[in-house]
Structures are given as structure tokens and as C-alpha cells.
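Chain by chain, the residues run as shown.
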Amino acid sequence: MNDAMMSTDEQPLLVAQDLARYFDVSPPWLNRVIEGQPRQILRAVDGVDFAIRRGETLSLVGESGCGKSTVARLIVGLYQPTRGSIMFEGVDLATLRTRAQAAPIRRRFQMIFQDPYASLNPRWRVADIIAEPIRTHRLMTDRAAIRCRVDELLRQVGLSPSDGEKYPHEFSGGQRQRISIARALSSKPDFLVCDEPTSALDVSVQAQILNLMKDLQRELGLTYLFISHNLAVVYHISDRVGVMYLGRLVELADVEELFARPQHPYTRMLLDAIPDLEMTGRPRTPVAGEVPNPINPPAGCAFHPRCPWANERCTRERPEMKPAPNGALVACHAVEERRLPPARAVPPGSPI
Amino acid sequence: MARPPANHPLLEVRDLRVEFPTRRGTLVAVDGVSFHIDPGEVLGVVGESGAGKSLTGAAIIGLLEPPGRIAGGEIRFDGRRIDNLPYEQMRRLRGKEIGAVFQDPLTSLNPLYTIGRQLTETILTHLDVTPAEARERAIRLLQDVGIPGAERRIDHYPHQFSGGMRQRVVIALALCANPRLVIADEPTTALDVSIQAQIITLLKRLCREHGTAVMLVTHDMGVIAETADRVAVMYAGRIAEIGPVRDVIKTPKHPYTIGLMGSIPKIDRREARLAQIDGAMPRLNAIPPGCAFHPRCPKAFDRCRVERPDPIHVDRSHVACWLYDRDDVRVGAVVDE
Amino acid sequence: MATTLDSDPKTTPGLWARFLDSDIFYSFRRSPLTIAAAIVTVVCFAGAFLAPWIAPHNPLDLSSVDLMDAYTPPVWMAEGNPRFILGTDDQGRDLLSAIMYGARISLIVGFCSVIFAMALGITLGLVAGYAGGAIDSLIMRIADVQLTFPAILIALLIDGIVRAAFPRDLHDQLALYVLIFAIGLSYWVQYARTVRGSTLVEKNREYVQAARVIGVRPVRILFSHILPNVIGPVLVIATINLALAIITEATLSFLGVGMPPTQPSLGTLIRVGNDFLFSGEWWITLFPGVALVTMVLAVNLLGDWLRDALNPKLR
């Protein structure tokens, strides 16, 4: 749809540089003084770099507490970054101080939330919910024109225009997620941040929503940042994938490469943990241990207490993201020192 | 896997019907469900939300929330009817013979008591042991479910455990009195993938070691594939297909199961589009006549719209679908998408 | 499970039809006590607000009052007069009319002070809950301090201040507004606390975050997104508070700091009648008292029902 913009193809649509967000989770001041407790800082996101090219889907995966949802909220402006910057088409979002400056850019990225039962105001009619971005940004003022646009959006996401008169509770989870998508599309954004958009849905409905998102991406030239814990979904929808662990990216690679030759030990572990639907009877070695408390992450590489290849250097020095031989960016000393066994194609028995 | 031969199944459910009387009429949430579980067997019950799978589990252990009630059929445990037992007898049976693991480990544990107290109390209620023996048994159970430092951790409160560890405690609690059947309702849904794999492995190992049968209720086909011996696929309160797990997953027969399997994204191949089943599961107050799946079924024909199919024997499975009610049926022709 | 059964997905009926079909109306129909309370409330309110048109006399019109009619007992007693069904007071005013006019003033004070308290409490509660931090602490500490004083004391205090600040001849004219202000100010805390609590929950819900991502202004988020979703419990408090406000007004008037005898409210009537209780003219104080109790009880029962009907856990 935007041929004119293709000239800026080389420039990424969105760049996050050293993005970090800390939360102060200290007990109240009085308790700290009386009980002598220190301040506690939760490093939800601690220095993340990535770029998203126009028209692609970048996914962030990881287990709960890895900071992937915080990244999503930082990008759409629900949180302010503690450190680092977000550039949208070369414009640093932090420089947009006033509402009037921010609105034209903010309009161009929207968000789809996880819980279709909580993300729509239960007291509003669907047509008003979908029209809210249009009214807020005054993209149209004529009532009939707005109504017409809402009808078009409803059809676009597979609902019927008459659904606009209803309230959210009259719809199933999948239909509500369609309404969410229609709302996100109504301000004609280029970029959608999708925070676990299908994890609250049943599989058959999940397939509908994923297909819809792919269709819309193709028709409207959308760019997605897709947050998920479900690797199969990520494999299906992404062009590139970033794996997060305890607030940092540990691996960033093209999707085929990541699933065929996972580099970082954590990525390998995640892939190994996927239930084996093909029933190959492959032996699984579930990694012991759990994600540590992000308030006191382990020193050095945060994954070292669970990593079978960790050595003394891993406990001491935090690895930076460096290119691996296969082109992926990996934050792992063992990968850098080539002391990992070659990545086996996961899942075994199903060559990609 | 060799199983000891049994004269009768451990659990037998016949024509179970669960109803919710509301002011707008009676809703039938589970409608004529029949299945059995053999000793030591893992039966997976899979379906989307609202399919009635959790209610079936709740009905078996007598934990239906009012106004829900069993309105028909019978449930036999070890040959004995249990659906009409008085509350007190059912309660004793529930801890001793049938254990339960729920989705959210927080709701199964009392936050005010140490896990040790909860474990020993359950053991003392159901087994004839001294308090010291009960505590020893509790520690052994905690070690068994893989909690490091069990001697110390036994005196901790539930909130001091992480989600995965809490689910392990719940499993220990369910296994306290050596039950012969465990009903596990979405035991891994609230957990991260890596923890999920650990819990599945644990459940499998424990049931093999103790010879415990499991009814595993979940929406996740992956978990079923990893764990179950047989699987029942539920749709709109009825069983659409039930059979050995390999058959159901590799060669599904009911069009719903075929659609369900197709809509799961797989890691072995990237498709432009996932196979999808259009529409959504009907609400309980609007279940269509005939086969409940017919409005979404690509292969529905006239008979499906008026007559409700009952499970028919196909190969090693039972399938509730009219497509198979023909003498000349060639399964391959139907399954081929 | 029950939430998925609410309505037929095919049609969207009108507001009135939806109300008749709603769970709230259903629970109303099922409770005879509530229906009785509603009928009593409607009769009381109608009698009070329509007093100028339906009352047999106008007690405020001095020309129609005859001192010779004073102390007439109710109609069923030996000296009763059919013109005065519930008898007359010491000035010869018809007691039934006086009660109707008095209830009118009581209700006006009640409604206005509840609306004033609601407006203040809801706004402060929304702001405190949404803004958080220092603003939240400030508002809620003020609320805490105010809670340590009984409502009646605050009302007395405000009344005292007004009496000291304004000339005497203004007092009677201002009495109504002073009462509304005093009572309203002493009841806002409950609304603020409830609304703040619900706002804290609602502001983290995804529909509010969605509105923020869209770029909706905070004031609009507060009033068009959050407010409609926190108003339920507020209406319950408002109903129960209406009864409380009427009682408070009556208490203040009874203590002599409320409505003047020239514009009597129910409390004023009770106070005036109180002087004659032991001289045999019991009706002068009893009937206003019965009217007050009946009205307050009916409104309170409605409030209790509303609380239960809106609370899904008790259903």
C-alpha cells in the first residue's frame, strides 16, 4: 500500500538500542528503615538491542518473567524506558515530548493484547470500541464516514457490520480478538505489537487468528512485533526470532536457522521442551531447575546455573551478543569458544 | 506396556449427563459420555474450552459446583457405583482412592498451613500411621516428586515455592494415600514450557512406578501425545472420538479431530496458512440439532443435521460420526484431506 | 460458564427489553421484600415530591393556618377532625401535609448531599487510584483523618462555621445549602475509597492499557473507560447513604442546627413534637417519626438488595 515508502527500505522501521526498564519493587520506605532492608530493583529488561525491518515479523520468545511483555509495553509507550532508546523511522521517541508531537507517530503503531476478555471495555458497543482510535486522533469527524470505516474494518477481520451494535460479552474469545485487531487497524498503523495474541484462545481459534494476522500483513504491508511463549506459533508466524532470558536477548536469528540450528543452550533447551506431537518417541532431557528470581539474577551469564556447558568464565563474565558462524547473534561464551557440540536439528526426526 | 489383566475397568463412566439448571432453561454441559479407564492406564481427555472435559472430571470426583448436577448415567469405580454416594463417603474415597491435581496449584494448597502439615494431615486421614511415620512419608513423597531439600522444604508455606515446585507439591498431595486413580485437570497449563516438560515426565514416571491410573484433562494435544495411552476428544459435551493415542493423533477419524490436529502449528513444516475450522464451538444454550459439529464440518451431509451420531467402532477407535456408518466405508478416503 | 449464557448473539434488543431480561430485574422479581420496599419507597417519594399538588393543606402558607385548630388529635380519636387525618401540631398545621412537605425537604437534602458526596468522592477516588504516588497518598490520608471524626461532628462543625461567618438573618435561607454541604462533605470518604480500590484494579486491565496505547487523554480514560466500570458498587453505597443522609439531616434538625421551624423537615417536626410528647399530644412527634423510619427502612432494604444483586459471588 505504501509504495512511496519503499525507498526508505534500507532503514529499519523500528530500532531498539540498549533498551532497559527497571522496576523498584522495594518494600515501603518505613519497612526499609526499620527492618534494614535494601532497595530492590527488578531488572525486567536489561539492555536489549534489535531492529525490525518494514513488513517483517520479529518474534520475542521466552518463559514468564523474561521481560518480553515489558519490551512490548516499552515500545508502545505504556512504560518509559529506564535506559536506551527506541527509534521509529529514525525518530527517537523520547524526543516527542508533547502530545501533539507524539500523536502522528503513536497513531502508526498499535497493540493487540493477550486477554480478549479484558482488552475490550465491557460497557462499550463494539462500533465505539473500534472507532476510538479514529475519534481520538480525529482521523475522521463525520459520523457516517466513521460508521462506514468501522463496517469496513469489521468485514476485514471476518465479522459482519451488524456486530458493531453489540457489546463484547456477546462474542466468543476468538471473535473478541478479531474486534481487538479491528480496533488496532482503525488508525491505519504500519506496525502492530502483538502481546501473546493467541495464548488465551483454543487451538482451532488460534489457527483462525494466526491466518487472519498473516492475511492482514500481506494485504496492508504490516510489520509485527510478536510476543509469545509458544515456539510452534512463533515458528509459524515469524521471519526472525529473538530468544529472551531474564531481561536480555540470548539469541537472535532467522526463524529457519533458529529452529534448525539453535545455538544458545537455552534455545536448545526450549526447543527440546516442546511436546513431541509427532510421537517419534525421542528421549527428552528436561533441563533441571527453574528461572531464577530476576531481582537477584546470577552473576555472569544468567543462564549458567542451569547450563550443562557452563564453566568458570560463564559465572564471572556476562556474554555479549556476537555473530555465530551460522549468522545468528548469540550471547554465549561456549558458542564463541566453539566448545558446544554442533546443534542438532530439533525436533529430531522431522527435518526442516 | 504390559498391564495386569483386570476383570473390570478401574473406572467406568456410562452415559454421563451433567446439567446446569438456569432460569433460561436447563443447559446440558455433558451429554451421554461413556468411557472407561483400566488400572494403571493414562486416559487423555482433550477438547476446547466449553467442551465439558473439566466438568466430566469434576463429576467423577463429586466436585461439581452447584447448580451443576449429574442428571443421568452412572459412574463406577472398581465396580462400585460412586455417583450417588453420600458426601461423607465420597470425601473419603476422594482422598484415598482418587486423587486430584488442578490447573492452578495455588488454589489446591491452603496458604495458611505449611505444606508438611497439609501432607501429613491428608496421610493421617487416610492411612493408619503415626504422626511421625506420616511426616516421614511426606518427606519421601516430596523427594519423590523432585523437590530438593525436602527435609527443610516440608516446613515451608506454599507461597515460598515457585509455580513449578508448587505443582509438584500438589502432585505429592494427590499421591499421599496411594490412590489408584488421579484426575489431573490441566496440570501443566499454568506452567512455562520447560517446567511443563518436567511435570509431564514426573507424572509419567510416578504413575508407572505406583501403577496409578490417570485421567488427564487438557486442551494441549502435545501433552496428550507425550503422556496418554488412550485419548478421548470431546466436543460440545460429547465424545467425538476415543481410541489409542497414536491412532487418534496420527490418523484422526472424526472431522473435528482432523481439523483440530491440522490447526496446531507444527515445527516440522512451515505452511503459508494453518488448516482452520471456521466458526466456534456452540454455546451450551445453542447446541445445534443432529451432530453438534455439523455447522463447522466440511463433510456434513443431510443425516448429520437431523440425527445425532453415537460412537461407532472404527479400527481400534470409537468415532461419533455418520461418515463411518456405512458398510463400504474406506477410512482412508475419509481421512485424506 | 454462566457468563456465556447472557444473551442471544443474533439480536440486540433495546435498553428497556434488556433491563426486563436482566439478572438484576430477575432477582428483583424473585424477592417479595424488595418489591414491597420498592413500592413503599415510590409512595414515599411520590408523596414527598408531589406534596404541593396532592397535600390536603399547605403548612407553609400562614394564611391557611388557624391557631384554633392546634392540637387536634388524629381523625379516629374522639376529638378528631376529618379535615386533619393525622391531627395538627401546636400551630394548627395539618400534620399529614407537614409530613409530606417535611419529607420533601428531607429528601432534597438527602439526594443533593449524596450527589455532592458522590461527585466529590468519585472524582477524588478516580484521581487517587489512577495517578497513584504522592497524590494518592495525600488524598487518602485526608480521607483517613476525616474518617476519625463522626459524620455528625463534621456537619456540626461546618454548621458552626457558617453560623459564625454569616449574619443571622441569612441563616434560615442558607440552612438548606449548609446542610447539603455539611452532610455531603462528611460522606465522600466512602465513595473515594471504593472508587480508588476499583480504579486500582481497572487501570491495570488491558482495555485501559489499550486506550493508553491509542493515545486517549487521561481525563477521558478516567471518565469514559474506568468510571462506567466502577460505578456499580458506588450506586449501592449511594442508596444506603441516601438513608443515612436523611437520618443525619433529621438528627441535625432535631438538635436544632438543621432546618428552621419555618421550613420544617421531618427532623424539625420530630423536634417540635418532642416538646409535647409528655403532655398528651403524642401524634405530633410520632407520625413524623414513623414516616422517617418507614422511608429510611425501605431505602435501606433496596440498597441491601442492590448490593446482593450486583455482587456475583452472593448470587
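Keep in mind that what you see is a predicted model, and the values were worked out from it rather than measured.

Conventions used here
Residues numbered from 1 in each chain as written. Chains lettered and ligands numbered in written order. Predicted model: local features only at pLDDT ≥ 70, side-chain atom pairs only at ≥ 80, totals over all residues. Heavy atoms only, no water. Helix = DSSP H or I, 4+ residues; strand = E, 2+ residues; numbered from the N terminus. Rg over C-alpha atoms; globule rule 2.2 N^0.38 Å. Buried < 20%, exposed > 50% of the residue type's maximum accessible area, 1.4 Å probe, protein only. Contact = heavy atoms within 4.5 Å. Areas by Shrake-Rupley, 256 points an atom, 1.4 Å probe, with all protein chains shown as cover. Lys, Arg positive; Asp, Glu negative; His and termini not counted. Charge placed at Lys NZ, Arg CZ, Asp CG, Glu CD. Buried area = accessible area lost by both parts, 1.4 Å probe. Polar contact = N/O pair within 3.5 Å; in protein donor to acceptor, adjacent residues only side chain to side chain. Nonpolar A, V, L, I, M, F, W, Y, C, P; charged D, E, K, R; others polar. Core = buried A, V, L, I, M, F, W, Y, C linked by side-chain atoms within 4.5 Å. Domains from an automatic or database assignment. Patch = residues over 30% accessible without salt bridge, like charges linked within 9 Å, V, L, I, M, F, W, Y side chains within 5 Å. Salt bridge = Lys/Arg side-chain N within 4 Å of Asp/Glu carboxyl O. 1 Å grid on protein atoms, 1.4 Å probe; cavity = no way out; pocket = protein on both sides within 12 Å on 5 of 7 lines; lining within 4 Å. Points joined across faces, edges and corners; volume = space filled by probe spheres on them. Axes fitted to C-alpha atoms, helices over the stretch in contact; angles between N-to-C directions. Parallel < 35°, antiparallel > 145°, perpendicular 65-115°, else oblique. Left-handed = near helix turned anticlockwise from the far one by under 90°.

Q: Is there a simple way to explain the overall build of chain A in this structure?
A: The number of helices and strands found in chain A is 12 helices and 12 strands. Radius of gyration (C-alpha) of chain A: 22 Å, near the 20 Å computed for a compact globule of 352 residues. The principal-axis extents of the C-alpha atoms in chain A amount to approximately 70 × 60 × 45 Å. Per-residue burial for chain A yields a buried fraction of 57% across its 352 residues. Here the contacts in chain A between residues at least 6 apart in sequence split such that 67% fall between residues at least 24 apart. Accessible surface, chain A: about 14,400 Å² in total, of which carbon and sulfur atoms supply 52%. Between the centroid of the 43 positive side chains of chain A and the centroid of its 41 negative side chains there is a distance of 4 Å.

Q: Mind showing me how you'd approach the interface of chain A and chain C here?
A: It is common to give the size of an interface as the accessible area lost on bringing the parts into contact. Across the boundary between the two partners, chain A contributes 29 residues, which contact 26 residues of chain C. Note on chain A versus chain C: buried area summed over both sides is about 2,300 Å², and carbon and sulfur give 49% of it. Taken together, chain A and chain C are joined by 11 residue pairs in polar contact (both at pLDDT 80 or more). Here the side of chain A that touches chain C is composed, by residue class, of 12 nonpolar, 7 polar and 10 charged.

Q: I tried to follow the nonpolar core on my own but got confused; where do I start?
A: In a soluble, globular protein the nonpolar side chains are often hidden away together inside. With 103 residues, the main nonpolar core has B:Leu11, B:Phe35, B:Leu142, B:Ile171, B:Leu181 and B:Met221 as its most contacted residues. With 8 residues, the top contributor of residues to this core is helix α7 (residues 163-175) of chain B. In this structure, this core is formed jointly by two domains, domain 1 (11-235) and domain 2 (241-265 + 274-324) of chain B, each of which donates at least three residues. Apart from residues no more than four positions distant in its own chain, B:Leu142 is found in contact with B:Ile115, B:Leu119, B:Ile147, B:Ala150, B:Ile154, B:Val169 and B:Ala172. With 72 residues, the next largest nonpolar core counts C:Leu86, C:Ala175, C:Leu179 and C:Ile221 among its residues.

Q: Please explain a nonpolar patch on the surface as it appears in this structure.
A: Residue and element names in this part refer to chain C. Side chains of Phe 49, Leu 50, Trp 53, Ile 54, Phe 111 and Ile 115 sit close together on the surface and give an oily, nonpolar patch of about 620 Å² of accessible area. Listing elements by their share of the nonpolar patch, those giving two or more residues are α4 (51-54) and α5 (95-131). Counting through the fold element by element, Phe 111 comes out in helix α5. On the basis of relative accessible area, Phe 111 is assigned to the partly exposed category, the value being 31%.

Q: How should the side chain of B:Thr114 be read in this particular structure?
A: Residue and element names in this part refer to chain B. Within the secondary structure, Thr 114 is located in the loop between α3 (105-108) and α4 (115-126). Using a relative accessible area of 16% as the deciding quantity, one classes Thr 114 as buried. Sequence-distant contacts of Thr 114, defined by excluding residues within four places in its chain, comprise Ile 154, Asp 155, His 156 and Tyr 157.

Q: Before we go on, may I ask you to explain the domain arrangement of chain B in this structure?
A: All names here are of chain B. Domain annotation of chain B identifies domain 1 (11-235) and domain 2 (241-265 + 274-324). Computed over C-alpha atoms, the centres of domain 1 and domain 2 are 28 Å apart. Across the contact, 21 residues belong to domain 1 and 22 residues belong to domain 2. For the pair domain 1 and domain 2, the summed buried area comes to about 1,700 Å², and 71% of that belongs to carbon and sulfur atoms. By the criterion of area lost to domain 2, the three top residues of domain 1 are Met 221, Val 233 and Tyr 235, representing 41% of everything that side buries. Here domain 1 and domain 2 share 1 salt bridge between them. Here Asp 31 and Arg 308 are joined by a salt bridge, their closest N and O atoms 2.6 Å apart. Linking domain 1 with domain 2 are 6 residue pairs in polar contact (both at pLDDT 80 or more), by the criterion used here. Elements supplying a minimum of two residues to the side of domain 1 that touches domain 2: β2 (25-37), α9 (221-227) and β9 (230-235). It is β9 that contributes the most residues to the side of domain 1 that touches domain 2, 6 residues altogether. Class assignment for the residues of the side of domain 1 that touches domain 2 results in 15 nonpolar, 2 polar and 4 charged.

Q: Can you help me understand the layout of surface pockets in this one?
A: Over the atoms, a rolling probe the size of a water molecule traces out where space has been left empty. In this model, the second largest pocket occupies a volume close to 960 Å³. A:Arg99, A:Ala102, A:Arg106, C:Arg212 and C:Gly215 are, among the 34 residues lining the second largest pocket, the residues nearest its centre. The element best represented in the lining of the second largest pocket is helix α3 (residues 99-106) of chain A, accounting for 5 residues. Here the residues of the lining of the second largest pocket sort into 18 nonpolar, 7 polar and 9 charged.

Q: Would you explain the packing of helix α3 (residues 32-49) of chain C against helix α12 (residues 283-310) of chain C in this entry?
A: To describe two helices that pack against each other, one gives the angle between their axes and the distance between the axes. Residue and element names in this part refer to chain C. Contact pair α3 / α12: the axes reach a minimum separation of 8 Å and the direction vectors enclose 135°. On the basis of the axis angle, α3 is oblique to α12. Crossing hand, α3 versus α12: left-handed. The residues of α12 that touch α3, namely those facing Leu 33, Thr 34, Ala 37, Ala 38, Val 40, Thr 41, Cys 44 and Phe 45, are Thr 294, Met 295, Ala 298, Val 299, Leu 301, Leu 302 and Trp 305.

Q: What am I meant to see in the packing of helix α10 (residues 218-254) of chain C against α12(C) here?
A: All names here are of chain C. The N-to-C vectors of α10 and α12 enclose an angle of 165°; their axes lie 8 Å apart at closest approach. The orientation of α10 relative to α12 falls into the category roughly antiparallel. Viewed along their axes, α10 and α12 form a crossing whose handedness is left-handed. Residues Gly 232, Leu 235, Val 236, Thr 239, Ile 240, Leu 242, Ala 243, Ile 246, Ile 247 and Ala 250 of α10 pack against Leu 292, Met 295, Val 296, Val 299, Asn 300, Leu 302, Gly 303, Asp 304, Leu 306, Arg 307 and Leu 310 of α12. Within the contact of α10 with α12, the residues separate by chemical class into 15 nonpolar, 4 polar and 2 charged.

Q: Which parts of the structure should I look at to understand the interface of chain A and chain B?
A: With 49 residues of chain A in contact, the opposing surface of chain B contributes 44 residues. Regarding the contact of chain A and chain B, the summed buried area is about 3,900 Å², with carbon and sulfur atoms giving 54% of it. Where chain A packs against chain B, one counts 1 salt bridge. In this structure, B:Arg273 and A:Asp215 form a salt bridge, with 2.7 Å as the shortest nitrogen-oxygen distance. At the junction of chain A with chain B, the criterion picks out 9 residue pairs in polar contact (both at pLDDT 80 or more). Going through the elements one at a time, α7 (203-220), α8 (231-237), α9 (255-260) and α10 (265-272) of chain A are the ones with two or more residues in the side of chain A that touches chain B. Tallying contributions element by element places α7(A) first for the side of chain A that touches chain B, with 10 residues. For the side of chain A that touches chain B, the class distribution of residues is 25 nonpolar, 12 polar and 12 charged.

Q: Can you help me understand the pattern of salt bridges in this one?
A: Any two side chains of opposite charge can pair, on the condition that their charged atoms come close. All told, the structure shown has 58 salt bridges over all chains when counted by the stated rule. With its nearest N and O atoms 3.5 Å apart, the salt bridge here joins A:Asp46 to A:Arg318. In this pair, A:Asp46 is assigned in strand β2 (residues 41-52) and A:Arg318 in the loop between α11 (312-316) and β11 (322-323), connecting sequence segments 272 residues apart. Of the residues examined, A:Arg318 reaches a relative accessible area of 39% and is grouped as partly exposed. With its nearest N and O atoms 3.1 Å apart, the salt bridge here joins C:Arg93 to C:Asp89. Neither residue differs from the other here; C:Arg93 and C:Asp89 are each classed as buried. Each of A:Arg313, A:Glu317, A:Lys322, A:Glu336, A:Glu337 and A:Arg339 takes part in one network of salt bridges that share partners.

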